[in-house]
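Observations on the model geometry
Each chain, letter by letter, is given below.
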Amino acid sequence: LYAETQFGKRLQSEFSEASQVLAERNRELTEALTAEELALTEKRKEVSSDEFRELADAFDEKVVRLREEQDERIAALQRRREVDRRVFSGRILPILSEIVRDSGAVAILDDRAVILSADVIDVTDRAIARIDAVLGDGAIEEGANGEGAPDEAAPQQDAPAEE
């Protein structure tokens, strides 16, 4: 849905554009820092070692600061993408709900997960109660042979028919 709807395509396009801007900024920074590093290397021949150390330390601090800023921009862009996806999901949920209702469907499935299901078909509570009634805590009672086999005298219940 995210890849095929107009809404999803717009969000993806905006993310792509912001990513490209960020990548271009990163390329420009890399070029500028490379040029600055080369100039600093040349300056090494002209200044004392103490003065060069100060210049080199200042350059290193600048590089670290710029990397941190870029990392924060990347993280912010990723957070924005996550928020966009949550907003997308929240906005399409009522539509999906209507589709489920109108079509008489019981669930909308994705390759990875159930996206939406009607509460009336949720059999989780009934399944828990039935499993508890049949298996209890799942411990195997020691049988007459003493080897941990199920007690044959214990009542066995067949699985119920689908409801």
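Quick look at the structure, then. (Residues numbered from 1 in each chain as written. Predicted model: local features only at pLDDT ≥ 70, side-chain atom pairs only at ≥ 80, totals over all residues. Heavy atoms only, no water.)

1. A word on the overall build of the protein
Across its full length, the protein carries three helices and two strands. For the protein, the proportion of its 163 residues judged to be buried stands at 15%. Considering only contacts in the protein between residues 6 or more positions apart, those separated by 24 or more positions represent 48%. As presented, the protein carries roughly 13,100 Å² of accessible surface, and 52% of it is formed by carbon and sulfur atoms. (Helix = DSSP H or I, 4+ residues; strand = E, 2+ residues; numbered from the N terminus. Buried < 20%, exposed > 50% of the residue type's maximum accessible area, 1.4 Å probe, protein only. Contact = heavy atoms within 4.5 Å. Areas by Shrake-Rupley, 256 points an atom, 1.4 Å probe, with all protein chains shown as cover.)

2. Let's talk about the pattern of salt bridges
Counted by the stated rule, this structure contains ten salt bridges. Here Glu14 ties to Arg10 by a salt bridge, and the two come within 2.8 Å at their closest N and O atoms. Taken together, the residues span about one helical turn, with Glu14 and Arg10 both in helix α1 (residues 6-43) at a distance of four residues. Note on Arg10: relative accessible area 41%, which makes it partly exposed. A salt bridge links Arg65 to Glu69, with the nearest nitrogen and oxygen atoms 3.3 Å apart. Of the two residues, Arg65 and Glu69 both sit in helix α2 (residues 49-103), four residues apart, roughly one turn of that helix. According to the relative accessible area criterion, Glu69 is partly exposed, its value standing at 30%. (Salt bridge = Lys/Arg side-chain N within 4 Å of Asp/Glu carboxyl O.)

3. Notes on the nonpolar core
Ranked by size, the top nonpolar core spans nine residues in total: Leu29, Leu33, Leu40, Val47, Phe52, Ala56, Phe59, Val63 and Leu66. Of all the elements in the fold, those that place two or more residues in this core are α1 and α2. Per element, the largest residue contribution to this core is five residues, and it comes from α2. Phe52 has contacts with Leu40, Arg44 and Val47, leaving out every residue within four places of it along the chain. (Core = buried A, V, L, I, M, F, W, Y, C linked by side-chain atoms within 4.5 Å.)

4. Here's the deal with the environment of Leu22
Note that Leu22 resides in helix α1. The spacing of Leu22 and Gln70 is 48 residues in sequence and 8.1 Å in space, taken between C-alpha atoms. Setting aside chain neighbours within four positions, we find Leu22 in contact with Gln70, Arg73, Ile74 and Leu77.

5. Brief notes about the side chain of Gln70
The residue Gln70 is located in helix α2 in this model. Within polar-contact distance, the side chain of Gln70 engages the side chain of Arg73 at 2.9 Å. Ignoring anything within four residues of it in the chain, the contact list for Gln70 reads Leu22, Arg25, Asn26 and Leu29. (Polar contact = N/O pair within 3.5 Å; in protein donor to acceptor, adjacent residues only side chain to side chain.)

6. So, α1
In this model α1 runs 55 Å from its N-terminal to its C-terminal C-alpha over 38 residues, within 8% of the 56 Å that 1.5 Å per residue would give. Among the residues making up α1, those that are buried are Phe7, Gly8, Leu11, Phe15, Leu22, Leu29, Leu33 and Leu40. Close packing links the buried residues of α1 with α2. (Expected span 1.5 Å × (residues − 1).)

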